[in-house]
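Okay, here's what each chain looks like letter by letter:
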Amino acid sequence: MKRLAFFLLLTTTAWAQERPVHTFSIVARDQQTGELGVAVQSHWFAVGTAVPWAEAGVGAVATQSFADPSYGKLGLDLMRAGRSAPDALRGLLNADKSCE
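Throughout, residues of each chain are indexed from 1 in the direction in which the sequence is written. Only residues with pLDDT of at least 70 get local features here, since the model is predicted, and only at 80 or more are side-chain atom pairs given and counted; chain-wide, interface and lining totals rely on the full set of residues. The side-chain values count all of the structure's non-hydrogen atoms but skip hydrogen atoms and water molecules.

*Asks:* Explain the pairing of strand S1 (residues 23–29) to me, please; I cannot follow it from the model alone.
*Replies:* Working note: regular strand, side chains alternate between the two faces of the sheet. Pairing of S1 with strand S2 (residues 36–42) involves 7 bridges; the strand directions are antiparallel. Paired with Arg29 across the two strands is Leu36, which belongs to S2. A pair of strands counts as paired when DSSP detects no fewer than two bridges linking them. Every helix listed is a DSSP run of H or I at least four residues long, and every strand listed is a run of E at least two residues long, numbered separately from the N terminus.

This is how it looks when you write it as structure tokens:
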């Protein structure tokens, strides 16, 4: 039984290193209409409930994988208060001691 568990651990670890394990997201704005969109693709299950955030007339945020999930709401709050998207991002990162 110990040999089987060890074998499964090795094969699972080796397989995990071979498969794609990345999350990609995009936030885009149409310059002509001002419309915003946010999308995410990942191997993680149900990231659509954690990564994309958007509010009409305010902005869009993609929190990405392994980020603080509060970034979505806080980013929108900062933009709703008048901060630009780059300023909101800088504010979130400056306040995060683990941003690296």
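*Asks:* I keep staring at the packing of helix H2 (residues 71–80) against helix H3 (residues 85–95) and nothing clicks. Help me out?
*Replies:* Between N-to-C directions, angles span 0 to 180 degrees; the directions come from axes that are lines fitted to C-alpha atoms, helices contributing only their stretch in contact. Their axes nearest at 9 Å, the elements H2 and H3 cross at an angle of 135 degrees. By the criterion of interaxial angle, the relationship of H2 to H3 is oblique. Our pair here, H2 against H3, has a crossing hand that is right-handed. Residues Tyr71, Leu74, Gly75, Leu78 and Met79 of H2 lie in contact with H3, whose contacting residues are Ala85, Ala88, Leu92 and Leu93. For this classification, the nonpolar set comprises Ala, Val, Leu, Ile, Met, Phe, Trp, Tyr, Cys and Pro, the charged set comprises Asp, Glu, Lys and Arg, and every other residue, Gly included, is treated as polar. Of the residues belonging to the contact of H2 with H3, the class tally is 8 nonpolar, 1 polar and no charged. Roughly parallel means an angle under 35 degrees; roughly antiparallel, over 145; roughly perpendicular, 65 to 115; everything else is oblique. By definition, turning the near helix anticlockwise from the far helix through less than a right angle yields a left-handed crossing, and turning it clockwise yields a right-handed one. Only heavy atoms matter for contacts: two residues are in contact if any of them lie within 4.5 Å across the pair.

*Asks:* What is the right way to read the layout of surface pockets from this model?
*Replies:* Left-over empty space is what a probe sized like a water molecule reveals as it rolls over the atoms. Two kinds of site are reported from a 1 Å grid over the protein atoms alone, namely cavities, where a 1.4 Å probe fits but cannot get out, and pockets, open sets with protein on both sides within 12 Å along at least five of seven lines, and residues are called lining when an atom falls within 4 Å of a point. Grid points are joined across faces, edges and corners, and a volume is the space filled by probe spheres set on the points. Its boundaries defined by the atoms lining it, the largest pocket holds a volume of some 200 Å³. Around the largest pocket, the lining residues are Ala60, Val61, Ala62, Thr63, Tyr71, Gly75, Met79, Ala85, Ala88, Leu89 and Leu92. Taken together, the elements giving at least two residues each to the lining of the largest pocket come down to strand S4 (59–62), H2 and H3. If one sorts the elements of the lining of the largest pocket by residue count, H3 sits on top with 4 residues. The residue inventory of the lining of the largest pocket, partitioned by class, reads 9 nonpolar, 2 polar and no charged.

Take it as geometry only, folks, not as evidence of what the structure does.
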